[in-house]
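Spelled out, the chains give:
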Amino acid sequence: MSKRAVYQLLRTANRSKVHGNGCVKAQIARESTDATKALSEKISSEIKQETAKLEFPTIITRSDHIQRLSKYYSPKMLKSIIAAEQTVTPDLWDKRKKAKPLFPLSYVDDLAKHDPFYDLPKMPWMDFSEPHQPVPPPSDLPPTVPPDLMNADVVEAELANNRGISRDYMRRLIVRPLVRKLVSNVTRLGKIRSFYSLVIVGDQNGMIGIGEAKDRNESSRAVMKAKSKALRSMFYIPRLDNRTIFGSLENHYHGVDVQLWPRPPGFGLRVNHLIHEVAVCAGLKDLGGKVRGSRNKMNTIKATIEMLRSQVLPEEIARARGKKAVDIKKTYFSARN
């Protein structure tokens, strides 16, 4: 007999074995499905027996609780959840570590009860009986309109509602457009020209803000946009006796080197004209300074604001050295008895 004939006989034998094994595998699969069904019925009966023993508040019955959990978890996971709930005693629940949310409620509530006002469905498409809410139709979605940066009334109303800033306070602020120029963005299609503006706002009492904006059409529109951004980014600058800074300051911002020094009462503002405008907006009255290196206007303004914002206060020095703030002020700021 040739090798080719022997190879064909072996191939046919293997085919018969494969078909026979397929029948056995199908029988094993049927038996496994029957076993899984029996196991799931057994687990569900055990769950019913255990739920009958447990106590649950009258607001939601235990069966409803188990039925809701069964929508999300398999029988095995549901059994482990019930076992874990049995281990939690009232004493352990009272001693639990409570979370500190980012926006806590102003009242104590465990959120276990349904509130008649907040938790009831308000829209016809809402259904709290289902685990997943349907997607609302497009007509019911609230329109999201971005604030109009060019309308002063709209910006003031938005700041008054979201940040609690009164309109009278915003109208009393000093607005200084310090930098206004024409800039170009070079692309492969040519130059795209636009107007750039840098605006400083302040209340002459420590609060100051800075904003930058561009507009392709008008310079006044860029100023309005920068003003609205400056109103949104206002912060407080600490002052010594509400007139000068706490000690000498020095900052290197890109190519600009700026130095500021505190001065006695009546000295005035003998500084660069850009720093002078920043000091007036912030409420600084006695200040000396020098600008070295580059005289870029934007970098000079940003370096000055960065220095004023990062001052080291006497309280911080006293805390670091284990002394009182009065002793630090007497040593470093010449406070007299």
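See above for the structure.
Residues numbered from 1 in each chain as written. Predicted model: local features only at pLDDT ≥ 70, side-chain atom pairs only at ≥ 80, totals over all residues. Heavy atoms only, no water.

Caption draft 1: Structural context of the sheet that holds strand β7 (residues 269-270). Spatially, β5-β6-β8-β7 is the arrangement adopted by the four strands of the open sheet, whose pairing is mixed. Each edge of the sheet is formed by a strand with only one pairing partner; in this case those strands are β5 (249-253) and β7. Sheet topology places strand β6 (residues 256-262) next to strand β8 (residues 287-293); seven bridges connect them, and they run antiparallel. Within β8, the residue paired with Gln259 across the bridge is Lys290. (Pairing = 2+ DSSP bridges. Helix = DSSP H or I, 4+ residues; strand = E, 2+ residues; numbered from the N terminus.)

Caption draft 2: Structural view of the packing of helix α2 (residues 62-70) against helix α3 (residues 75-87). Relative to each other, α2 and α3 sit at 135°, their axes nearing to 10 Å. Classed by the angle they form, the pair α2 and α3 counts as oblique. Two packed elements cross with a definite hand, and for α2 against α3 that hand is right-handed. Each of Arg62, His65, Ile66, Leu69 and Ser70 in α2 lies in contact with α3, whose residues at this interface are Leu78, Ile81, Ile82 and Glu85. The class makeup of the residues in the contact of α2 with α3 is five nonpolar, two polar and two charged. (Axes fitted to C-alpha atoms, helices over the stretch in contact; angles between N-to-C directions. Parallel < 35°, antiparallel > 145°, perpendicular 65-115°, else oblique. Left-handed = near helix turned anticlockwise from the far one by under 90°. Contact = heavy atoms within 4.5 Å. Nonpolar A, V, L, I, M, F, W, Y, C, P; charged D, E, K, R; others polar.)

Caption draft 3: Structural context of α2. Along α2, the residues classified as buried are Arg62, His65, Ile66 and Leu69. Buried residues of α2, seen end-on, are gathered within an arc of 95° and therefore sit on one face of the element. (Buried < 20%, exposed > 50% of the residue type's maximum accessible area, 1.4 Å probe, protein only. Arc of directions from axis to C-beta.)

Caption draft 4: Just the packing of helix α8 (residues 273-282) against helix α9 (residues 297-309), in detail. Where α8 contacts α9, the two axes come as close as 9 Å, and the packing angle between them is 40°. As the angle between them shows, α8 and α9 are arranged oblique. Seen along the crossing, α8 lies across α9 with a hand that is right-handed. Of the residues in α9, those touching α8 at Leu274, Ile275 and Val278 are Lys297, Thr300, Ile301, Thr304, Ile305 and Leu308. Residues of the contact of α8 with α9, tallied by class, amount to six nonpolar, two polar and one charged.

Caption draft 5: Spatial organisation of the pattern of salt bridges. Summed over the entire model, instances satisfying the criterion amount to five salt bridges. Residue Arg243 is joined to Asp286 by a salt bridge in which the shortest nitrogen-to-oxygen separation is 3.2 Å. Taken together, the positions of Arg243 in the loop between β4 (235-236) and β5 and Asp286 in the loop between α8 and β8 put the pair 43 residues apart, joining distant regions of the chain. Exposure remark for Asp286: the relative accessible area of 5% places this residue in the buried category. (Salt bridge = Lys/Arg side-chain N within 4 Å of Asp/Glu carboxyl O.)

Caption draft 6: Geometry of the pairing of β5. What you see with β5 is a clean split: Leu249, Asn251 and Tyr253 sit on the buried side and Glu250 and His252 on the side with no burial. Pairing geometry for β5 and β6, over five bridges, is antiparallel. In the sheet register, His252 faces β6, and the bridge partner there is Asp257. Linking β5 to β6, which pair antiparallel, is a turn of two residues; within it His254 sits at a positive phi near 55°.

Caption draft 7: Layout of the environment of Ile174. Counting through the fold element by element, Ile174 comes out in strand β1 (residues 174-187). We classify Ile174 as buried; its relative accessible area is 15%. Other than its neighbours up to four places away in sequence, Ile174 contacts Ile200, Val201, Gly202, Gln204 and Cys281.

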